[in-house]
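Listed below are the residues making up each chain.
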Amino acid sequence: MAKDLMFSCTECGAKSSKWSGQCDACQAWNTITEDQALSTSGPKKKSLGGMRGKTIPLTDLATQEKAPPRTLSGVDELDRVLGGGLTKASALLVGGDPGIGKSTLLLQAAARFARNGLKVIYISGEESNAQVQMRARRLGLEKSPVKLASETNLRDILTTLEKEAPDLAIIDSIQTMWADNVDSAPGSVSQVRSSAHELTTFAKRNDMAVVMVGHVTKEGAIAGPRVVEHMVDTVLYFEGERGHQFRILRSVKNRFGPADEIGVFEMTGKGLAEVKNPSALFLSERGTPAPGSVVFGGIEGTRPMLCEIQALVAPSPHSQPRRSVVGWDGGRLAMILAVLESRCGVPFTGLDVYLNVAGGLRITEPAADLAVAAALVSAREDAALPADAVVFGEISLSGALRPVVQTENRLKEAQKLGFTSAITPHQQKQVAASGLSLRHPQDLAGFVQDIFGDR
Ligand code: TYD
Ligand code: MG
């Protein structure tokens with residue numbers, strides 16, 4: 001019988017069925033190794049079904065155990081994203097582009113947790129102690145009781161953590177860690193994966209929370225944090241546009257709380273500051289309402305967030321007109337354009353279309369459809385929407401408008417920020433009167449007629 005072997009590249013993780021000197025995927029030399037199953041003893045002999053193992057005890061779903069204890073940092077934006085504070089014996093991954101502010105965020109968080117009674121150790125594999133100390137001074141945290149070390153040798157780190165027994169250890173970053181039992185360079189898939197695995201199991205066994213920093217490179221690098229996402233309990237991504245001061249901490253996975261929750265921060269000269277009212281911030285640069293500008297009543301996680309959607313439509317000098325999007329999905333834009341063209345008789349042929357979500361925010365909700373359509377038609381017709389209106393709703397391919405979740409929260413936020421009207425799909429359920437005047441167009445064609453019909 002042919003041997004059932006698999007090989008993989010220790011640099012990029014690519015699989016192949018045969019050994020070779022050079023990896024086909026990443027072109028690295030001498031990186032192909034035979035895969036060894038870690039958990040089983042020796043090669044497979046028979047199918048498992050035919051062998052006798054020991055029976056495992058089964059139990060009920062009911063439990064007497066208390067919920068794991070949590071510690072608050074006191075930074076609301078952070079605690080909410082964590083699902084109500086930091087959980088004991090857990091592993092977290094904080095991913096994000098290099099330079100976005102991960103180290104800054106975690107140093108500030110470390111200081112907060114230390115102030116609230118946790119024993120915290122911060123280990124940097126990227127910066128020297130002096131560099132981290134300089135940053136601490138700049139952030140005004142030099143007196144904080146956080147312990148610091150600059151090290152990349154994972155064995156030494158684990159030995160130290162075992163002796164010191166902290167409540168929280170921060171590892172900055174997982175790509176710099178080097179486990180001496182793995183035969184490849186730091187940053188490679190095998191190193192990242194096994195370092196993360198060691199740290200995670202260590203954390204659970206020693207009742208410690210461990211936070212690992214992971215860089216994501218622009219190409220979505222294979223050796224990036226993706227390979228450890230499934231191991232850890234919580235995955236947070238720190239995002240934002242370089243040119244903007246806003247930073248968003250987003251939970252994409254959380255075993256201890258809701259996913260998709262966000263925290264909003266602002267990068268200042270003295271580190272990251274909480275933004276308690278993001279809507280106000282995202283709308284703060286809005287001048288007098290211009291054609292193509294629409295305020296979208298959005299929700300991020302459990303949080304209402306108003307933001308401005310801007311569109312520009314101009315005659316195209318190209319045979320293939322441009323479609324350019326920042327902060328939204330390009331495919332979704334194409335869909336809205338098609339629906340406007342075929343269901344509402346508003347063609348964009350021969351026109352360049354630019355769409356932008358102001359402030360460097362990235363929106364993923366389909367609820368933004370109607371606001372995008374409104375911005376596009378407004379830009380094309382050169383007619384501004386009423387200045388005091390927020391817009392939201394999902395558009396289907398038939399041109400029908402679908403109601404969206406959390407309508408009431410969106411309306412409340414709009415009212416809080418001084419808006420007096422809202423344009424939304426009709427809701428089956430009556431929303432509690434919010435003091436806004438509501439308009440419910442029949443469908444997208446009705447909306448276009450309603451708002452721009454008299455032009
Ligand atoms: P950093 O936390 O080092 O990013 P990461 O760990 O994600 O690579 O922060 C990088 C940027 O933040 C750096 O370009 C400088 C800026 N910054 C400030 O604007 N204010 C501050 O107080 C600090 C510490 C950094
Ligand atoms: Mg850093």
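Quick notes on the rules
- Residues numbered from 1 in each chain as written.
- Chains lettered and ligands numbered in written order.
- Predicted model: local features only at pLDDT ≥ 70, side-chain atom pairs only at ≥ 80, totals over all residues.
- Heavy atoms only, no water.
- Buried < 20%, exposed > 50% of the residue type's maximum accessible area, 1.4 Å probe, protein only.
- Helix = DSSP H or I, 4+ residues; strand = E, 2+ residues; numbered from the N terminus.
- Arc of directions from axis to C-beta.
- Contact = heavy atoms within 4.5 Å.
- Near = heavy atom within 4 Å.
- Polar contact = N/O pair within 3.5 Å; in protein donor to acceptor, adjacent residues only side chain to side chain.
- Areas by Shrake-Rupley, 256 points an atom, 1.4 Å probe, with all protein chains shown as cover.
- Domains from an automatic or database assignment.
- Nonpolar A, V, L, I, M, F, W, Y, C, P; charged D, E, K, R; others polar.
- Salt bridge = Lys/Arg side-chain N within 4 Å of Asp/Glu carboxyl O.
- Pairing = 2+ DSSP bridges.
- Axes fitted to C-alpha atoms, helices over the stretch in contact; angles between N-to-C directions.
- Phe/Tyr/Trp six-rings, centres within 6.5 Å; stacked < 30°, edge-to-face > 60°.
- Lys NZ or Arg CZ within 6 Å of the ring centre and 35° of its normal.

### Quick look at helix α9 (residues 407–416)
Taken residue by residue, α9 has T407, R410, L411, E413 and A414 as its buried positions. Projection of α9 onto a plane perpendicular to its axis shows the buried side chains occupying an angular sector of 160°, all on one side. On its buried face, α9 is in contact with α6 (278–283), β15 (293–300), β16 (303–315), β19 (389–391), β22 (421–423) and β23 (437–439). Just past α9, the residue G418 takes up positive phi, approximately 90°.

### Details of the site of ligand 1
The immediate surroundings of ligand 1 are formed by 16 residues, with G99, S103, T104, R135 and G271 found nearest. Contacts to ligand 1 include I100, whose backbone N or O atom sits 3.3 Å from an oxygen atom. One nitrogen or oxygen atom from the main chain of G271 is found 2.7 Å from an oxygen atom belonging to ligand 1. Protein contact buries 75% of the 560 Å² of open area that ligand 1 shows by itself.

### Describing the domain arrangement of the chain
Parsing the chain into structural domains produces domain 1 (1–35), domain 2 (70–275) and domain 3 (281–452). Computed from C-alpha atoms alone, the centre-to-centre distance between domain 1 and domain 2 is 32 Å. At the interface, four residues of domain 1 touch six residues of domain 2. Each residue belonging to the side of domain 1 that touches domain 2 can be placed in one class, and the counts come to one nonpolar, two polar and one charged.

### Observations concerning the pattern of salt bridges
Counted according to the given criterion, the structure contains 22 salt bridges. Between E77 and R80 there is a salt bridge whose closest N-O contact spans 3.0 Å. Here E77 and its partner R80 are both found in helix α1 (residues 76–81), three residues apart, which amounts to about one turn of the helix. Residue class for R80 comes out partly exposed when judged on its relative accessible area of 24%.

### Things to note about the sheet that holds strand β9 (residues 168–172)
Within a sheet, adjacent strands bond to each other through the backbone by hydrogen bonds, running parallel or antiparallel. As summarised here, the arrangement of the nine strands in space is β8-β7-β9-β10-β6-β11-β12-β13-β14, forming an open sheet in which the pairing is mixed. Of all the strands in the sheet, the pair left with one neighbour each is β8 (147–150) and β14 (271–274). Averaged over all adjacent pairs, the angle separating strand axes in this sheet is 25°, with direction ignored. In this structure, strand β6 (residues 91–96) lies alongside strand β10 (residues 209–215), joined through six bridges in parallel fashion. Counted as the bridge partner of G95 is G214 from β10. This element, helix α2 (residues 102–115), spans β6, β7 (120–124), β9, β10, β11 (234–239), β12 (246–254), β13 (262–268) and β14 of the sheet and lies at about 160° to β7. Helix α3 (residues 129–138) rests against β7 and β8 of the sheet, and its axis sits at about 140° to β8.

### With respect to the packing of aromatic side chains
As enumerated under the stated definition, the model contains one aromatic pair in all. Plain terms: the ring middles of F238 and F265 are 6.3 Å apart, the flat faces sit at 70° to each other, and that makes the pair edge-to-face. Here the residue F238 occupies a position in strand β11, and F265 occupies one in strand β13, the gap between them amounting to 27 residues. F265 matches F238 in its accessibility class, with the two residues each being buried. Sitting over the face of the ring of F348, R380 holds its NZ or CZ atom 5.8 Å from the ring centroid.

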